[in-house]
Structure formats: C-alpha cells, structure tokens
Amino acid sequence: MTLRRLLRTGRAACIAFAVAVTIATGSGAAIATDSAVMLQYHRFGEDAYPSTSVTIEQFEAHIEHLSSGGYTVLPVPEILAALEAGRPLPDRTIGITIDDATRSTFVEGWPRFEAAGFPFTVFVSTDPVDLGHASIMSWDELRQLVAAGVTIGNHGAAHGRMWQNDDDANRDDLERARKRIQEELGIDATLFAYPYGEWNGGLRALVAELGFTAAFGQHSGAVGALSDTLNLPRFALNQRYGEFDRFKLIVDTLSLGAHDVTPAEQIITENPPTVGFTVEPPLANRNALACFASGGVAATIEHEEGGRVQVSFDGPFPPGRARLNCTAPAEAGRWRWFGLQFVVP
C-alpha cells in the first residue's frame, strides 16, 4: 500500500500525501525522545459499531506489532509527567487510551492488554454507567480495572456536545462526573477527554479551572514536549482506520514540534480559518512540510521567520468536524505529524 493511500485512509478521510515520498530526509540527526504516540480505541469486536470498533483480528495484530520489539507502552500519566518535566522518553513510546468504558473493553480489550503487559487509560462517562447501559461497564467492573492498575479518566457525565452548553451546564456535568468517579472508585480522575474531541474556549477554560492536568481531543498527531496539554492529539482506531498498514505508520510517527497555534478556538466563526503555528526547532527543509485538509479543501503553506507557518485554504470547510494534518519526513522513513480538528456549526 502506498503512503498516499495510507494517509487517505487515516484519521482524516480525505488526506493526501502526494509530495512526501519524493523528499529527502537528510541524515545524521538523532531521533527525538520528547515524543510519544497516543492511541484511541472505543470498542473491540463490536461489528454493529464499525465507526467506533476495531475487529478482534485488527486488535490482535496491533498488540502483536507493539509486542514485536522497538516499542515501549507506558501509562499515559507517566508519559505526560515525563514530557512536562523535560525527561527523555524511550524512542517509540506508546500510550493507550479507551473512551466510553464499553463492556467490550472489559471482555475483549483488558484481557489482551493485560496478557501483553500494556497499561492503558479508560475515559468514563458516568451517566451511562449509572443508567446501567448494556454496552457499558458497571461500576463493579470498573473497580476491577482500578484494582488491576488501570488509569481512569473523566469523559464528562452525559457524553454530550459540550461546546453547545453554557458554562454552568458544563461545570455541573464535569463536577457530577468527578463526584461519581470519586464515590464509586475512590479516585480523583485528573485526565479528561472531550466527548467527540470537541471544545470551545469556555469549556477549555473550565477544564483548566477545575484542575485537570491534561485533556485529549480526537485529532491525529504525536504528542511532544510543546504540545497543548489541554488539546492533546490521539490517533483514533476503528474498523476503517485500524488496518494494519496504517497502524504501522502511525505508531512510528514523531511530534512536529508545533506550538502557539491559531486560531485559539476550535469552533469556526470564520470559514475558512487561517491557521498558524510555530515549528520548533524550525524545519531544515521548509519544502518538506505538507498540509492537507479534509473535505477536499486545498491548503497553501507560507513560511515565515523563526519557524512560523501560516496555512490558508481555497474554500470553506463543510459543516461538521473538519481536520487539518501537517506532516514532514523524519529519519529512517518515519514522519513528523501535527493535526487539528475544527467544528463548523
């Protein structure tokens, strides 16, 4: 499978990667150790939900590849603490996250991760647990995970599109979820995952105010020392995007080192937006950077001094979630990857 095909079937369905395979990567530079890949699962072997579930065959292939040597799977809090403190991480560090606390996580995911010795984090939306949804773990099952050392994160109470709520409603949702996790599991879940990866400035500020140490979106890219801790990327995996060739590509990616991202709001009020970010250290070969947007929207890159990059688009994003992915070649056939998600109301 070609790299163009891999990227088109990646997290943003319409990404292309036409120029990358012909660009020289240079030589002699050491691969950075301030980078990690976060994986995002939801369901395992639930064919009725192909958009959020991987097949068992895909899942077992993922585990086998990560177990084959060269990868270090660490607890997500340990990865984030190392990046915050400036401590080096092993090359090809992987963090595993699972959203929604589905029962297939308990029945299919946990036993396989445990057998492989892989730690993982589960983000729990508490209302479905309290309501006893058949496809969601019970509190007793979650207690078993906690006893086994699984990290629990907060995914809100209602799992709604929180950016559509006012601040008071979001505060109630987050505090209700935190209280229920404390009551049932005896822990303070300080990691947060935005439902659907969607947020606005008010929600982001509230997450910071309530003392969450990090928050995760649903946009592609590797996490680095300069990543926005309140909008951390993850590579989402499901039946379409869990194919083995894509998996091998994403688990070898490195952070692009992008920071100071504009616009600061994920909800688009100006469509198309103009995106800006600074790459640190600046790319030795500016022409190596390629940016592609979902929805067939063409992107144009302009480089400024100091590693600043401006990306403009030839037309508006369609309504719904839209994504931008920027990549540059790295050593040994690997790729540096930075992504963003936008929401067009």
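Refer to the structure above for everything that follows.
Quick caveat: nothing in here was measured; it's all calculated off a predicted structure.

K.L.:
Please explain the side chain of Asn200 as it appears in this structure.
P.N.:
Along the chain, the position of Asn200 falls in the loop between β8 (191-193) and α8 (201-209). Side-chain polar atoms of Asn200 contact the backbone oxygen of Trp163, separated by 3.2 Å. Leaving out residues up to four positions away in the same chain, Asn200 has contacts with Trp163, Glu265 and Ile267.

K.L.:
Looking at this model, I keep getting lost on the pattern of salt bridges. Mind explaining?
P.N.:
Pairs can form between side chains of opposite charge whenever their charged atoms are close. A complete count under the given rule lists 23 salt bridges for this structure. The partner of Arg234 in a salt bridge is Asp99, and the shortest N-O contact between them spans 2.8 Å. Residue Arg234 is located in the loop between β10 (223-224) and β11 (235-236), and its partner Asp99 is located in strand β5 (residues 93-99); the two are separated by 135 residues in the primary sequence. By the burial criterion, Arg234 is buried, and Asp99 matches it. A network of salt bridges, in which partner residues are shared, links Asp130, Asp140, Arg143, Lys179, Arg180, Glu183 and Glu184.

K.L.:
Explain the sheet that holds strand β16 (residues 299-303) to me, please; I cannot follow it from the model alone.
P.N.:
Pairing between the strands of a sheet comes from backbone hydrogen bonds, and it takes one of two forms, parallel or antiparallel. Reading across from one edge, β13-β14-β17-β16 is the order of the four strands in this open sheet, with antiparallel pairing throughout. At either end of the open sheet lies a strand with only one pairing partner, and these are β13 (258-262) and β16. Neighbour-to-neighbour, the strand axes of the sheet open up by a mean angle of 25°, direction not taken into account. The sheet contact formed by β16 and strand β17 (residues 308-313) spans five bridges and is antiparallel. Paired with Glu302 across the strands is Gln310, a residue of β17.

K.L.:
Help me understand the sheet that holds strand β18 (residues 320-329) in this model?
P.N.:
Strand order in the open sheet formed by four strands is β12-β19-β18-β15, and the pairing between neighbours is mixed. A single partner strand is all that each edge strand has here, and the edge strands are β12 (254-255) and β15 (290-293). Taken together, the four bridges between β15 and β18 define a ladder with antiparallel strand orientation. Of the residues in β18, the one forming a bridge with Ala293 is Leu324.

The rules behind the values
Residues numbered from 1 in each chain as written. Predicted model: local features only at pLDDT ≥ 70, side-chain atom pairs only at ≥ 80, totals over all residues. Heavy atoms only, no water. Helix = DSSP H or I, 4+ residues; strand = E, 2+ residues; numbered from the N terminus. Polar contact = N/O pair within 3.5 Å; in protein donor to acceptor, adjacent residues only side chain to side chain. Contact = heavy atoms within 4.5 Å. Salt bridge = Lys/Arg side-chain N within 4 Å of Asp/Glu carboxyl O. Buried < 20%, exposed > 50% of the residue type's maximum accessible area, 1.4 Å probe, protein only. Pairing = 2+ DSSP bridges. Axes fitted to C-alpha atoms, helices over the stretch in contact; angles between N-to-C directions.

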